[in-house]
4 protein chains.
Amino acid sequence: MYPPVRKNPFIAVIGGSECTAQEAELAEAVGRELARKGAVLVCGGLGGIMEAACRGASAEGGLTVGILPGDNRYAANTYVQIPVVTGLGEARNAVVVKSGQAVIAVGGSYGTLSEIGHALRNGTPVVGLNTWSISRNGQADCAIIIASDPADAVNKALSAIKE
Amino acid sequence: MYPPVRKNPFIAVIGGSECTAQEAELAEAVGRELARKGAVLVCGGLGGIMEAACRGASAEGGLTVGILPGDNRYAANTYVQIPVVTGLGEARNAVVVKSGQAVIAVGGSYGTLSEIGHALRNGTPVVGLNTWSISRNGQADCAIIIASDPADAVNKALSAIKE
Amino acid sequence: MYPPVRKNPFIAVIGGSECTAQEAELAEAVGRELARKGAVLVCGGLGGIMEAACRGASAEGGLTVGILPGDNRYAANTYVQIPVVTGLGEARNAVVVKSGQAVIAVGGSYGTLSEIGHALRNGTPVVGLNTWSISRNGQADCAIIIASDPADAVNKALSAIKE
Amino acid sequence: MYPPVRKNPFIAVIGGSECTAQEAELAEAVGRELARKGAVLVCGGLGGIMEAACRGASAEGGLTVGILPGDNRYAANTYVQIPVVTGLGEARNAVVVKSGQAVIAVGGSYGTLSEIGHALRNGTPVVGLNTWSISRNGQADCAIIIASDPADAVNKALSAIKE
């Protein structure tokens with residue numbers, strides 16, 4: 001009997017497939033905290049930030065969905081429980097952020113920047129941890145909600161959904 | 001704590017969002033049987049065949065993934081546990097069949113025909129229940145594995161993966 | 001100064017990247033005839049049927065659009081004038097048929113079958129030359145308009161738009 | 001006889017469907033200049049920046065490709081000569097930037113930000129006119145090539161391809 005999860009919050013964690021050790025630690029802590037709060041973790045399914053977040057969620061018994069760019073389900077990191085195989089290349093980034101009710105961005109790859117843009121475009125809340133800041137014509141855009149640490153990021157993401 | 005499902009078989013059930021009562025019964029029985037065998041059910045997330053299959057899987061405590069064409073997670077039928085929100089329109093059909101290790105087609109909408117084409121193109125086994133048959137220049141193409149009933153369809157789909 | 005083409009008919013020619021010599025001849029004749037009638041040819045941009053159709057259109061000075069599955073614009077056959085680079089894999093099939101106001105299918109690959117399904121699903125007219133025939137529960141589905149030769153295929157496709 | 005364009009530069013102009021009058025002027029001048037230099041203009045096909053750029057290109061007899069998010073070819077602005085109908089929603093942003101050999105960003109919508117991210121991720125040169133600036137952990141990222149005016153933007157985009 002699989003426990004129902006449909007009404008749990010679905011949170012997308014976005015970040016590069018390469019990252020620093022410190023960014024991986026942040027992502028893992030985000031994953032752990034999401035699982036403790038009962039959230040389903042959605043991500044791009046590969047390595048780096050995605051793997052670290054899934055590892056954290058798995059350590060707390062959380063559920064992880066990996067929306068893969070390629071054609072091979074075995075490309076998913078070992079902590080992904082639900083591999084979704086898109087074959088869409090980077091266009092899958094749009095699917096990752098649409099499948100989260102809020103997004104937590106960790107670190108700053110260009111793929112992550114594209115996901116931040118997609119999420120803000122859709123009106124999906126974006127919480128940032130050591131990630132991009134953006135400005136327009138010299139004026140800062142404050143749409144990305146800044147978090148001070150992983151627990152803060154998860155709290156802010158969950159509150160942003162509820163609003 | 002969620003039971004791990006990564007190594008369970010992932011089977012896509014494809015069929016139209018409108019169907020006859022008899023087709024819905026077949027799809028529901030397919031969903032039930034998949035759940036009993038421990039398979040994760042992947043589908044397009046909407047009504048008709050997709051909803052009937054998810055209802056069957058849910059009745060047996062199975063896990064259901066719905067890969068939606070639109071932008072609204074609440075468009076998923078009520079038996080979908082994991083809504084994946086693509087916004088891709090019918091291009092999501094390619095994602096549905098790539099996310100299954102085998103495909104069971106029930107009934108015959110044109111969307112289902114597109115999914116059968118995508119699956120055969122990828123070399124993914126397709127099992128058919130009351131679905132399309134296809135021929136080329138007057139010669140039958142036998143790539144669709146014909147099943148006699150829902151239990152037979154599930155058995156054939158699971159065996160086709162193992163091969 | 002490019003001649004305006006927006007109001008010209010846009011016709012998608014679909015078919016496999018491998019084909020027989022006879023199928024290539026049919027596709028080339030379809031391309032020639034489309035160009036003579038002022039139609040813009042849309043296709044998947046690769047070899048086989050797609051290349052033959054583009055070669056025919058080019059020989060008559062027609063305009064050719066190739067909607068590619070991969071990331072490399074140079075993968076387009078040499079007769080494509082407008083390469084559209086999707087990176088979407090086979091999901092680009094849905095884009096090919098949406099970009100035509102009618103579809104001409106030549107030969108019978110499984111990718112072509114997926115495109116026929118997508119087009120019929122959308123209500124886009126499909127004309128067939130030596131291609132799939134489909135039936136449901138033993139009953140022929142006659143949605144594919146059968147053409148006897150390339151000129152007939154082009155005439156039927158153009159008329160189907162006008163209707 | 002349609003003039004061959006395959007070897008011409010293909011430049012994507014990205015920007016929001018709503019924009020200020022001043023941004024529209026910039027975009028129109030970019031379109032005009034691209035056409036004068038023989039470039040094919042690729043864009044998202046809708047209003048705002050996209051329409052202004054296509055209007056400019058049309059005034060100089062240039063060729064314009066509009067890669068539309070929806071299902072309706074008639075949603076293209078009136079200056080699009082080649083409408084590509086994707087039905088992919090915002091995932092089409094990835095297709096727009098892949099179809100340009102360089103990208104010129106005008107103004108700053110969030111959709112544009114997603115396109116900048118996709119382009120930089122792919123290694124496609126991005127030239128910016130009154131657009132986003134981005135920084136990571138407080139450090140400016142200088143990957144976006146800043147242009148001082150439309151002619152400068154077009155020159156920089158064309159040079160960036162040649163490199």
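Residues numbered from 1 in each chain as written. Chains lettered and ligands numbered in written order. Predicted model: local features only at pLDDT ≥ 70, side-chain atom pairs only at ≥ 80, totals over all residues. Heavy atoms only, no water.

Draft legend 1. Layout of the pairing of strand β2 (residues 40-43) of chain A. Residues and elements named next belong to chain A. Of the two faces of β2, the one carrying V40 and V42 and the one carrying L41 and C43 are both buried. Here strand β1 (residues 10-14) runs beside β2; their pairing, made up of three bridges, is parallel. Each residue of the ladder has a partner; that of F10, found in β2, is V40. At this point the chain moves from β1, through helix α1 (residues 21-36), to the parallel β2, and the crossover so formed is right-handed. In this structure, β2 lies alongside strand β3 (residues 64-68), joined through three bridges in parallel fashion. Considered in β3, the bridge of V42 is made with V65. Following the chain from β2 across helix α2 (residues 49-59) to the adjacent parallel β3, one finds a crossover that is right-handed. (Buried < 20%, exposed > 50% of the residue type's maximum accessible area, 1.4 Å probe, protein only. Helix = DSSP H or I, 4+ residues; strand = E, 2+ residues; numbered from the N terminus. Pairing = 2+ DSSP bridges. Right-handed = clockwise from strand over helix to strand, strands pointing away.)

Draft legend 2. Molecular detail of the confidence of the model for chain A. Mean pLDDT over chain A stands at 97; residues scoring 70 or higher make up 99%. Scoring of the predicted complex yields 0.97 for pTM and 0.97 for ipTM. (pLDDT = per-residue confidence, 0-100.)

Draft legend 3. Layout of the relation of the copies chain B and chain A. Structural alignment of chain B on chain A gives an RMSD of 0.1 Å, achieved by rotating through 180° and translating 0.0 Å along the axis. The superposition operator between the copies reduces to a two-fold rotation axis. Considering only C-alpha atoms, the part of chain B nearest the rotation axis is B:Y2, at 3.5 Å. Mapped onto chain A, 100% of the interface residues of chain B again fall at the interface, so both copies present the same surface. (Least-squares fit on C-alpha atoms with pLDDT ≥ 70 in both. Contact = heavy atoms within 4.5 Å.)

Draft legend 4. Region of the structure containing the packing of helix α1 (residues 21-36) of chain B against helix α2 (residues 49-59) of chain B. All names here are of chain B. Orientation of α1 relative to α2, taken along the N-to-C sense of each, is 40°, at an axis distance of 6 Å. Viewed along their axes, α1 and α2 adopt a mutual orientation that is oblique. Handedness of the α1/α2 crossing: right-handed. Contacts between α1 and α2 pair E23, A24, A27, E28, G31, R32 and A35 from the former with I49, A52, A53, R55, G56 and A57 from the latter. Classifying every residue of the contact of α1 with α2 gives seven nonpolar, two polar and four charged. (Axes fitted to C-alpha atoms, helices over the stretch in contact; angles between N-to-C directions. Parallel < 35°, antiparallel > 145°, perpendicular 65-115°, else oblique. Left-handed = near helix turned anticlockwise from the far one by under 90°. Nonpolar A, V, L, I, M, F, W, Y, C, P; charged D, E, K, R; others polar.)

Draft legend 5. Here's a closer look at helix α4 (residues 110-122) of chain B. Residues and elements named next belong to chain B. With 13 residues, α4 should reach 18 Å at 1.5 Å per residue; the first-to-last C-alpha distance of 19 Å fits that figure. Among the 13 residues that make up α4, 10 are buried, leaving the element largely enclosed by the rest of the structure. Turning to α4, its buried residues are G111, T112, L113, S114, E115, I116, G117, H118, A119 and L120. The backbone nitrogen of G111 has a side-chain oxygen 3.4 Å away, supplied by the residue at the start of α4, namely S109. Taken from the residues just after α4, G123 is the one with a positive phi, measuring 80°. (Expected span 1.5 Å × (residues − 1). Polar contact = N/O pair within 3.5 Å; in protein donor to acceptor, adjacent residues only side chain to side chain.)

Draft legend 6. Inspection of the sheet that holds strand β5 (residues 102-106) of chain A at higher detail. Residues and elements named next belong to chain A. The strand order across the open sheet built from seven strands is β4-β3-β2-β1-β5-β6-β9, with neighbouring strands paired in parallel fashion. Of all strands in the sheet, those bounded by a partner on one side alone are β4 (82-85) and β9 (145-146). On top of the sheet, α1 reaches β1, β2, β5 and β6 (126-129); it is set at about 155° to β5, its chief contact. Packed onto the sheet, α2 meets β1, β2, β3 and β5 and runs at close to 165° relative to β2.

Draft legend 7. Just the interface of chain B and chain A, in detail. In this complex, chain B contributes 32 residues to the contact, which on the side of chain A involves 33 residues. Three residues stand out in chain B for area buried against chain A, namely B:Y2, B:R6 and B:K98, and they jointly supply 27% of the buried area on that side. With its nearest N and O atoms 2.6 Å apart, the salt bridge here joins B:D71 to A:K98. The interface formed by chain B and chain A holds 17 residue pairs in polar contact (both at pLDDT 80 or more) in total. Going through the elements one at a time, β3 (64-68), β4 (82-85) and α3 (92-98) of chain B are the ones with two or more residues in the side of chain B that touches chain A. When residues of the side of chain B that touches chain A are assigned to their parent elements, the largest contribution, four residues, is made by β4(B). (Buried area = accessible area lost by both parts, 1.4 Å probe. Salt bridge = Lys/Arg side-chain N within 4 Å of Asp/Glu carboxyl O.)

Draft legend 8. Representation of the relation of the copies chain D and chain A. Overlaying chain D with chain A gives an RMSD of 0.0 Å, the required rotation being 180° about an axis along which the chain moves by 0.0 Å. Mapped onto chain A, 100% of the interface residues of chain D again fall at the interface, so both copies present the same surface.

Draft legend 9. Geometry of the pattern of salt bridges. One pass over the full model with this rule turns up 40 salt bridges over all chains. We note a salt bridge from D:R121 to A:E90, for which the minimum N-O separation is 3.4 Å. On the criterion of chain membership, the pair formed by D:R121 in helix α4 (residues 110-122) and A:E90 in the loop between β4 and α3 (92-98) is interchain, its members lying in two chains. Close ionic contact of C:E60 with C:R36 constitutes a salt bridge, the shortest N to O distance being 3.4 Å. Residue C:E60 is found in the loop between α2 (49-59) and β3 (64-68), and its partner C:R36 is found in helix α1 (residues 21-36); the two are separated by 24 residues along the sequence. By relative accessible area, C:E60 is classed as partly exposed at 32%. Each member of the salt-bridge network shares a partner with another, and the members are A:E33, A:R36, A:K37 and A:E60.

Draft legend 10. Spatial organisation of the environment of A:A91. Assignment of secondary structure puts A:A91 in the loop between β4 and α3. Looking at A:A91, the relative accessible area reads 1%, which means it is buried. Put simply, A:A91 and A:V13 are 78 residues apart on the chain and 17 Å apart in space, counted from C-alpha to C-alpha. A:A91 has contacts with C:L88, D:A91 and D:A94, leaving out every residue within four places of it along the chain.

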